[in-house]
Amino acid sequence: MNFYQELGPLVFGTRLKRLSDYFLSEINKVYTDLDIPFEASWFGVFYLLDKHGSLSIYEIADTLEVSHSAISQLIKTLQEKKLVILTPSSDDGRRKDIEFSMTGKALLEKIKPVWSALSQTMNTFLEESEVLQKLIKIEDRFGEIPLNERIKSKINV
């Protein structure tokens, strides 16, 4: 039994982070090996733009449940790489709509086969386990009562 397994639930978050880092690193190796200039951390934005065509920074941040600032920084990076373009919204002049550039659309077509292979691989890998269902239950429970509240309720202060 390794260090992390020995500590069990005490390092649950650390173990999830380590697993996530490993997963993203392996996915990035696939893109690198295939000479596809894409980073796994861009997935959410690419997926949403592919699905919706055009979205605001707020809509992306809200859907991905990350900060407006984090999405703004990511969009700036994608814009510098000429993968997305920003245009003033026809509804609200203060808002910018984000959509793929021609370069971004071409990149999207290169990465879709990787997404398909990843989905097939993970489905095969996870088919015998209930990891995803259990993860959903954990996320739902954290949504009911935040973890910090649960911890503090167990402390006799």
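Higher on the page you've got the structure.
Residues numbered from 1 in each chain as written. Predicted model: local features only at pLDDT ≥ 70, side-chain atom pairs only at ≥ 80, totals over all residues. Heavy atoms only, no water.

Digging into helix 5 (residues 68-80)
The terminal C-alpha atoms of helix 5, which comprises 13 residues, lie 18 Å apart, in line with the 18 Å expected from a rise of 1.5 Å per residue. For helix 5, the set of buried residues is Ile 71, Leu 74, Ile 75 and Leu 78. The arc that holds every buried residue of helix 5, seen down its axis, measures 100°, which confines them to one face. Within helix 5, the exposed residues directed more than 90 degrees away from the buried face are Gln 73, Lys 76 and Glu 80. On its buried side, helix 5 packs onto helix 3 (43-52), helix 4 (57-64), strand 2 (84-88) and strand 3 (96-100). After helix 5 finishes, the residue Lys 82 shows a positive phi value of roughly 60°. (Helix = DSSP H or I, 4+ residues; strand = E, 2+ residues; numbered from the N terminus. Expected span 1.5 Å × (residues − 1). Buried < 20%, exposed > 50% of the residue type's maximum accessible area, 1.4 Å probe, protein only. Arc of directions from axis to C-beta. Contact = heavy atoms within 4.5 Å.)

Re the packing of helix 3 against helix 6 (residues 102-126)
Relative placement of two packed helices is described by the angle separating their axes and the distance separating the axes. One can describe the packing of helix 3 onto helix 6 by two numbers: an axis separation of 11 Å at closest approach and a directional angle of 105°. One way to sum up the angle between helix 3 and helix 6 is to call them roughly perpendicular. Note on element contacts: helix 6 touches helix 3 through Gly 104, Leu 107, Leu 108, Ile 111, Lys 112 and Trp 115, opposite Phe 43, Phe 46, Tyr 47 and Asp 50. (Axes fitted to C-alpha atoms, helices over the stretch in contact; angles between N-to-C directions. Parallel < 35°, antiparallel > 145°, perpendicular 65-115°, else oblique.)

Quick notes on the packing of aromatic side chains
As enumerated under the stated definition, the model contains 8 aromatic pairs in all. Residues Phe 38 and Trp 42 carry aromatic rings whose centres are separated by 5.5 Å and whose planes lie at 90° to one another, so their mutual orientation is edge-to-face. With respect to class, Phe 38 is no different from Trp 42; both count as buried. When the ring of Phe 38 is compared with that of Phe 46, the centres are 4.9 Å apart and the planes differ by 80°; the resulting orientation is edge-to-face. When sorted by exposure, Phe 38 lands in the same class as Phe 46, which is buried. Ring pairs connect the aromatic residues Tyr 31, Phe 38, Trp 42, Phe 46 and Phe 100, which therefore count as one cluster. (Phe/Tyr/Trp six-rings, centres within 6.5 Å; stacked < 30°, edge-to-face > 60°.)

Overview of the sheet that holds strand 1 (residues 54-56)
The 3 strands lie next to each other as 1-3-2, forming an open sheet whose pairing is antiparallel. The open sheet has two edge strands with one neighbour each: strand 1 and strand 2. Here the strands of the sheet are splayed against their neighbours by 35° on average, with no regard to which way each runs. Seen against the sheet, helix 4 touches strand 1 and strand 3 and runs at an angle of roughly 85° to strand 1. (Pairing = 2+ DSSP bridges.)

Re the pattern of salt bridges
For the structure on display, the rule yields 6 salt bridges. Arg 95 serves as the salt-bridge partner of Asp 97, at 2.8 Å between the closest nitrogen and oxygen. Looking at Asp 97, the relative accessible area reads 12%, which means it is buried. The salt bridge involving Glu 109 is made with Lys 112; its shortest N-O contact spans 3.9 Å. Remark: Lys 112 and Glu 109 occur in helix 6; sequence separation between them is 3 residues, near one turn of the helix. Residue Lys 112 is classed as partly exposed on the basis of its relative accessible area of 31%. (Salt bridge = Lys/Arg side-chain N within 4 Å of Asp/Glu carboxyl O.)

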